[in-house]
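# Secondary and tertiary structure notes
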Amino acid sequence: MVELMGAFLTPAEVGRVARSCRFFRQVCVTNSASSEKLWKAVCFRLWPLRSSLNGSEARDWRTFSLERQTCDRRWEKGLRGSPAVSTMIKSDESPVFNVHKRGDMVASAEDCCVRIWDLARKTCQKTFACNSSGNRMVLGVFLTEDQSTVLSGGADGDIKVWDVKRGTCGRVLTGHSGAVVTLKADANKIVSTSFDGTCKVWSWRGRCEQTLIGHRGHVCGLSFQESEPRNVWTGADDGLVK
């Protein structure tokens, strides 16, 4: 029964079930083995990566679920125009050049690194140092939909592919001669824009499949249409959108 509830119910629905009778309150709310099993199943279903990153710790999964819900509500209120602000405390004063949010995680491109932030806890979970070639600035960042991979674009022109859970760089894409400022991706392609005046389309294996040339000056703006006809839109210093 616990497995079935964890596979289908939302946290709000679990709460309503708990209020229905004493038996379900024991199953859903009290600090029992069944309660922990239920809430752990709910968390891994709704927030799989965040749960797996924290799964080895001794954790109250019901509290973990409440934190995630609070974070989601704050962001939803902010999108509707309410004055909801979530401030994350940084460990230093380095500038943040770009951010990308997915679910309850935010990736930030900073002076010499990419950081992964847990929004509910307002803490930095991972830091990836990106200054291997000596140029410290990281300008572009992209977090994949499943929160498992981060792309970083550096002032040195390199694009790095990071495994969020392992904290390692799995691949470096080289080809831009200027800083990489914007990154987009889907399951098949990576698209980047650069100060070298180009937009490049890459495979996840690291091969540059297309170089789009048509602007004068830095190419910064980028929109990638994931559905057919899979257009790429770019904006640049020349005042044009193509």
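Going along each chain's sequence as written, the residues are numbered from 1 onward. Residues qualify for local features only when their pLDDT is at least 70, as the model is predicted, and side-chain atom pairs are given and counted only at 80 or more; totals for whole chains, interfaces and linings, by contrast, use all residues. Each side-chain value is derived from all of the structure's non-hydrogen atoms; neither hydrogens nor water enter the calculation.

## Things to note about the pairing of strand β5 (residues 138–143)
Burial analysis of β5 places 6 of its 6 residues in the buried class, which makes it a mostly covered element. Whether two strands pair comes down to DSSP finding at least two bridges between them. Only DSSP runs of H or I covering at least 4 residues are called helices, and only runs of E covering at least 2 are called strands; the numbering of each starts at the N terminus. Bridge analysis of β5 against strand β6 (residues 149–154) gives 5 bridges, and the strand direction is antiparallel. Within β6, the position partnered with Gly-140 by the bridge is Gly-153. In this structure, the hairpin formed by β5 and β6 is closed by a connection of 5 residues, where Gln-147 is found at a positive phi of approximately 65°. Buried means the residue's accessible area, taken with a 1.4 Å probe over protein chains only, is under 20% of the maximum for its type, while exposed means over 50%, and partly exposed covers the values in between.

## Some remarks on the packing of aromatic side chains
Each pair of aromatic rings taken from Phe, Tyr and Trp, with Trp reduced to its six-membered ring, is defined by centres within 6.5 Å and is described as stacked if the planes are under 30 degrees apart, edge-to-face if over 60, and tilted in the remaining cases. Inspection of every chain in the model, using the stated rule, returns 3 aromatic pairs. An angle of 50° between the planes, with centres 5.5 Å apart, marks the rings of Phe-44 and Trp-61 as tilted. One end of the pair, Phe-44, is in helix α4 (residues 33–46); the other, Trp-61, is in helix α6 (residues 61–79), with 17 residues separating them in the sequence. Centroid distance Trp-61 to Phe-64: 5.3 Å. Interplanar angle 75°. Geometry classified as edge-to-face. Of this pair, Trp-61 and Phe-64 both sit in helix α6, 3 residues apart, which is roughly one turn of the helix. Residue Trp-61 shares its accessibility class with Phe-64, and that shared class is buried. An aromatic cluster is present here, built from Phe-44, Trp-61 and Phe-64 joined pairwise through their rings.

## Quick look at the sheet that holds strand β3 (residues 113–118)
Across the sheet, which stays open at both edges, the 4 strands sit in the order β1-β2-β3-β4 with antiparallel pairing between neighbours. This sheet does not close on itself; its edge strands, each paired only once, are β1 (96–102) and β4 (123–129). Adjacent strand axes in the sheet meet at a mean angle of 20°, parallel and antiparallel pairs treated alike. As defined by bridge partners, strand β2 (residues 105–110) adjoins β3 across 5 bridges and the pair is classed as antiparallel. Angular values range over 0 to 180 degrees, each being the angle between N-to-C directions of two axes fitted as lines to C-alpha atoms, with helices fitted over their stretch in contact.

## Structural notes on the state of the cysteines
Only a pair of cysteine sulfur atoms within 2.5 Å qualifies as a disulfide here. In this structure the tally under the stated criterion is 0 disulfides. No disulfide involves Cys-199; its sulfur sits 9.5 Å from the nearest other cysteine sulfur, which is in Cys-208. For Cys-208, a relative accessible area of 29% translates into the label partly exposed.

## A word on α4
Here the expected length of a helix is defined as 1.5 Å per residue gap, with one fewer gap than residues. With 14 residues, α4 ought to run about 20 Å at 1.5 Å a step, and its terminal C-alpha atoms sit 20 Å apart, in line with that. Taken residue by residue, α4 has Ser-35, Leu-38, Trp-39, Val-42 and Cys-43 as its buried positions. In a view along the axis of α4, the buried residues occupy a sector of 130°, so they form one face of it. It is the directions from the helix axis to the C-beta atoms whose arc is reported.

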